[in-house]
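Here is what each chain is made of, one letter per residue.
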Amino acid sequence: MKRGVVVHGGAGSPRNLSDGPANAATAAMNLLRKGGRAVDASAEATRVMEDDDRFNAGTGSVLRLDGNAYMDAAVMDSEENCGVVAYLTRTKNPVLVARKVMESPHVFLAADGAVDFARENGFDDYDPRTPKSRKRLEKGSDDFRKGSRPEWPRNWKNYKVDTVGAVAMDGMGRFAAAGSTGGTFPALKGRVGDIAMIGCGIFAGPEGAVAATGIGEEIIRKVLSKTVYDYMCNGLSAQEAADKGVSLYDRSVSIGIISINSVGVGIASTTDMASHQLTE
Ligand code: GLY
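An account of the accompanying structure is given in this report.

Thresholds, definitions, all that
- Residues numbered from 1 in each chain as written.
- Predicted model: local features only at pLDDT ≥ 70, side-chain atom pairs only at ≥ 80, totals over all residues.
- Heavy atoms only, no water.
- Axes fitted to C-alpha atoms, helices over the stretch in contact; angles between N-to-C directions.
- Helix = DSSP H or I, 4+ residues; strand = E, 2+ residues; numbered from the N terminus.
- Parallel < 35°, antiparallel > 145°, perpendicular 65-115°, else oblique.
- Contact = heavy atoms within 4.5 Å.
- Nonpolar A, V, L, I, M, F, W, Y, C, P; charged D, E, K, R; others polar.
- Polar contact = N/O pair within 3.5 Å; in protein donor to acceptor, adjacent residues only side chain to side chain.
- Phe/Tyr/Trp six-rings, centres within 6.5 Å; stacked < 30°, edge-to-face > 60°.
- Buried < 20%, exposed > 50% of the residue type's maximum accessible area, 1.4 Å probe, protein only.
- Pairing = 2+ DSSP bridges.
- Near = heavy atom within 4 Å.
- Areas by Shrake-Rupley, 256 points an atom, 1.4 Å probe, with all protein chains shown as cover.

1. Focus on the packing of helix H3 (residues 94-102) against helix H4 (residues 111-120)
Contact pair H3 / H4: the axes reach a minimum separation of 10 Å and the direction vectors enclose 85°. Looking at the two axes, H3 sits roughly perpendicular to H4. Seen from H3, the contacting residues are Val 97, Lys 100 and Val 101; seen from H4, they are Ala 114, Phe 117 and Ala 118. Of the residues belonging to the contact of H3 with H4, the class tally is five nonpolar, no polar and one charged.

Below you can see the structure in the form of structure tokens.
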């Protein structure tokens, strides 16, 4: 395999939305064909997904119970560079801010500091809320008030997740992963999910790259992306590693994994998951 990209629209996203990941994978592959780096291809694919308001990242992110979107995004490459933003508000493309953080002296910026950093780097004030995300909040809040809130802490069946993410390999054999999310719905103000934690939502190293999606709390407990990466290091194919990662969970837990190494790609999930792969 000379180069490749895999994009997902989140665990739980209907397969009939796969045109979204397909558009994102095409944009990333075009960049790779021009000699672009894996890290920029994975960020570009994730940016396209953030701009597609059918998915829970960037525009169209789910809203917290206080009515705001608090977004997490991350990028990592196989040369141990990473950039993360957590709890970012009022910004169009969190993954591009994370890409900028990668070039700063830090790897992780959160909340107001991340917003200040975004503005200083040319990312304008932007409201990512949509009529659909506001409607979902209204209905969810009503359900909460009526007492039909899913039981805490681990009955996840009624939770909305569908993070977006991408993994890529470029023509130089470098790997990268990127992810972006509005988090889960419903969630308390202050909650941060797996995408903000390197090794949980995404991981990349010299042997490949992995991006996970689903219930962040469950992904964090198993440091899932690094766990799946280690499976590839121990000789499993990208598909076998993704399958084994998903098999760590009960089928009732919404989880998805995409992976890539130098010979192939993997896609696995416990639920429907819109996704697309391009390799050559
Ligand atoms: N996987 C996204 C989140 O739980 O925040």
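2. Brief notes about the side chain of Ser 61
Looking at where Ser 61 falls in the secondary structure, it is placed in the loop between helix H2 (38-50) and strand S2 (71-77). Here the side chain of Ser 61 touches Gly 58 through a polar contact of 2.8 Å, landing on its backbone oxygen. Ser 61 has contacts with Phe 55, Asn 56, Ala 69, Met 71, Pro 128, Ser 133 and Gly 182, leaving out every residue within four places of it along the chain.

3. Here we look at the packing of aromatic side chains
This model, assessed by the stated rule, comprises two aromatic pairs. Taken together, a centroid distance of 4.2 Å and an interplanar angle of 15° make the contact between Tyr 70 and Tyr 87 stacked. Of the two residues, Tyr 70 sits in the loop between H2 and S2 while Tyr 87 sits in strand S3 (residues 82-88), which places them 17 residues apart along the sequence. Assessed through its relative accessible area of 14%, Tyr 87 is described here as buried.

4. A look at the sheet that holds S3
Strands sit in the order S4-S3-S2-S6-S5-S1-S11 across an open sheet of seven strands; the sheet is mixed. Every interior strand has two partners, whereas the edge strands, strand S4 (108-110) and strand S11 (273-279), have only one. Recorded for the sheet is a direction-independent mean angle of 5° between the axes of neighbouring strands. Alignment of S3 against S4, held across three bridges, turns out to be parallel. Looking at S4, one finds that Val 85 is bridged to Leu 109. Along the sheet face, helix H1 (residues 19-33) touches strand S1 (4-11), strand S5 (164-169) and S11 and points at about 155° away from the line of S1.

5. Section: the site of the ligand
In the vicinity of the ligand, the residues found are Thr 163, Thr 181, Gly 183, Thr 184, Arg 191, Gly 193, Asp 194, Gly 214, Ile 215 and Gly 216. At a separation of 2.6 Å, a nitrogen atom of the ligand approaches a polar side-chain atom of Asp 194. In this structure, Gly 214 approaches the ligand through a main-chain N or O atom, which is 2.7 Å from a nitrogen atom. Isolated, the ligand exposes 200 Å² of accessible area, and the fraction of that covered by the protein chains is 100%.

6. Brief notes about the pairing of strand S9 (residues 255-260)
With six of its six residues buried, S9 lies for the most part within the structure. Of the two faces of S9, the one holding Ile 255, Ile 257 and Ser 259 and the one holding Gly 256, Ile 258 and Ile 260 are both buried throughout. Pairing geometry for strand S8 (residues 208-214) and S9, over six bridges, is antiparallel. Counted as the bridge partner of Thr 213 is Gly 256 from S9. As defined by bridge partners, S9 adjoins strand S10 (residues 265-269) across five bridges and the pair is classed as antiparallel.

7. Quick notes on the environment of Gly 193
Within the fold, Gly 193 resides in the loop between strand S6 (175-181) and strand S7 (202-205). The exposure class assigned to Gly 193 is buried, which follows from its relative accessible area of 3%. Note: C-alpha distance between Gly 193 and Tyr 229 (36 residues apart in sequence) is 19 Å. Aside from chain neighbours lying at most four places away, what touches Gly 193 is Asp 72 and Ile 220.

8. Topic: the sheet that holds S8
The strand order across the open sheet formed by four strands is S7-S8-S9-S10, and the pairing between neighbours is antiparallel. Of all the strands in the sheet, just S7 and S10 have a single pairing partner and so form its edges. Along the sheet, successive strands turn relative to each other by an average axial angle of 5°, direction set aside. Helix-sheet contacts for helix H7 (residues 224-233) involve S7, S8 and S9, and the interaxial angle to S8 is about 140°.

Take it as geometry only, folks, not as evidence of what the structure does.
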